[in-house]
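Next come the chains, spelled out residue by residue.
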Amino acid sequence: MDWGMRNRMGRMFRAPSGNSVMLAVDHGYFMGPTRKLENIRATVAPLLPHADVVGLTRGVLRACVPPESTTPILLRVSGGVTVLQEDLSDEAITTSMHDAARLNVSAVALSVFVGAPHEHQSLVNLSKLVDDGEDAGIPVMAITAVGKELEKRDARYLALACRVSAEIGAHIVKTYYCDGFSKVVEGCPVPIVVAGGPKLDSDRAVLELAHGAVAAGARGLDMGRNIWQSEHPVPMLKALRAIVHDKATVRDGLDILEGEKARGARPLAAASPA
Ligand code: R5P
């Protein structure tokens, strides 16, 4: 791996743990103004200092993130279809590597849709992006997307999708947590981070997901809704950081969350825009 690529990976997967808590706020690229992400500038501003990386599109980056920000950027570069379509797999590359380099991003991300109608297209998108990323020294994250078929998220399917992504050259893979997750990690020779998926029922469930993923070998999280749809997103991020970076238990995480709430961390709705 060349110096630039290694430097970018090191900024995202931070020493001493070598893990990462990435904040995903790219949902609008196909979902529009999702709940609690309607005013994305107001949502992101208070969270940015607490995330190792922020994942978003170039439009939101240019419009909503101050260029002085030091949080590494994971740039979503695939899209072209919205939730109004039944088949979400018909994606293309929507942002060039040249623009990604101009934006000084730490990595680019695209979705791959294994087993979906546009599987081939999405995997070829990945291969081209990896070629461009290798040229530019910019790591590529493959996101094993399932579109509307959330029930696809089992170890057999995810292990296949992650391994195929790594074989094509992805430097990082983002996938879902599942029963038997260690098999997914075992079969994937590059770092895996885990998405949160739709909002879970309790704080404990979110922390259990994070703890289970890291215990099974994930290198961290790339999580969205279970952070910014939480009533207390900053405390939630702090609790997740303790689990991902400091080997905290779920109980430790809950204590951090409760402690932060008691100290009066403002709910997101009360946070002021940047
Ligand atoms: C889809 O919009 C993106 O890949 C998200 O970044 C990913 O699903 C992570 O967000 P969440 O934790 O909300 O699933």
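Just so you know, the residues in each chain are numbered from 1, in the order the chain's sequence is written. Only residues with pLDDT of at least 70 get local features here, since the model is predicted, and only at 80 or more are side-chain atom pairs given and counted; chain-wide, interface and lining totals rely on the full set of residues.

Elements are defined by DSSP. Helices are runs of H or I of four residues or more, strands are runs of E of two residues or more, and each kind is numbered from the N terminus. The topology assignment puts Gly 169 in the loop between α7 (155–168) and β8 (172–176). Each residue is classified by how many other C-beta atoms fall within 10 Å of its C-beta atom, where C-beta atoms are placed from the backbone; a count of 20 or more means buried, 12 or fewer means exposed, and values in between mean partly exposed. The class for Gly 169 is partly exposed, based on 16 C-beta atoms found within 10 Å. In this structure, the C-alpha to C-alpha distance between Gly 169 and Val 140, residues 29 residues apart in sequence, is 8.2 Å. Two residues qualify as a contact pair if the distance between their C-beta atoms, derived from the backbone, is within 7 Å. Excluding residues within four positions of it along the chain, Gly 169 makes contact with Ser 127 and Val 130.

Each nonpolar core consists of buried Ala, Val, Leu, Ile, Met, Phe, Trp, Tyr and Cys residues. Their C-beta atoms, within 7 Å, join them into a set. One finds Ala 107, Val 108, Met 141 and Ala 210 to be the most contacted residues of the largest nonpolar core, which totals 82 residues. When residues of this core are assigned to their parent elements, the largest contribution, 7 residues, is made by helix α11 (residues 233–246). Other than its neighbours up to four places away in sequence, Met 141 contacts Leu 74, Ala 107, Ala 109, Ala 170, Ile 172, Val 173 and Lys 174.

What follows deals with the pairing of strand β9 (residues 192–195). Burial of β9 is two-sided: the residues Ile 192 and Val 194 facing one way and the residues Val 193 and Ala 195 facing the other way are all buried. One requirement defines pairing of two strands: DSSP has to find at least two bridges between them. The sheet contact formed by β8 and β9 spans 4 bridges and is parallel. Paired with Lys 174 across the bridge in β9 is Val 193.

On to the environment of Ser 17, then. Mapping Ser 17 onto the fold places it in the loop between α1 (3–12) and β1 (20–24). Along the primary structure Ser 17 and Ser 78 are separated by 61 residues, whereas in three dimensions their C-alpha atoms are 30 Å apart.

With that settled, consider the packing of helix α9 (residues 203–215) against helix α12 (residues 250–262). Between N-to-C directions, angles cover 0 to 180 degrees, with each direction set by a line fitted to C-alpha atoms, over the stretch in contact for helices. Remark: α9 packs on α12, axes separated minimally by 9 Å, with the N-to-C direction vectors making an angle of 135 degrees. Overall, the two elements α9 and α12 adopt an arrangement that is oblique. Helix-helix and strand crossings are classified by hand; for α9 and α12 the assignment is right-handed. Taking contact as the criterion, the partners of Asp 203, Arg 204, Leu 207, Glu 208 and His 211 in α9 are, on α12, Val 250, Gly 253, Leu 254 and Leu 257. Charged residues are taken to be Asp, Glu, Lys and Arg, nonpolar residues to be Ala, Val, Leu, Ile, Met, Phe, Trp, Tyr, Cys and Pro, and polar residues to be all remaining types, Gly included. Within the contact of α9 with α12, the residues separate by chemical class into 4 nonpolar, 2 polar and 3 charged. Roughly parallel means an angle under 35 degrees; roughly antiparallel means over 145; roughly perpendicular covers 65 to 115; every other angle is labelled oblique. Note on convention: the crossing is left-handed when the near helix lies turned anticlockwise from the far helix by less than a right angle, right-handed when the turn is clockwise.

With an omega dihedral of 5 degrees, the bond running from Ala 15 to Pro 16 counts as a cis peptide bond. With a phi angle near 60 degrees, Asn 104 is a residue other than glycine that sits in the positive phi range. Owing to 12 C-beta atoms within 10 Å, Asn 104 belongs among the exposed residues under this scheme. Even without glycine at this site, Lys 247 takes up a positive phi of about 60 degrees. As for its placement among the helices and strands, Lys 247 is situated in the loop between α11 and α12. Look at Lys 247 and you get partly exposed, because 13 C-beta atoms sit within 10 Å.

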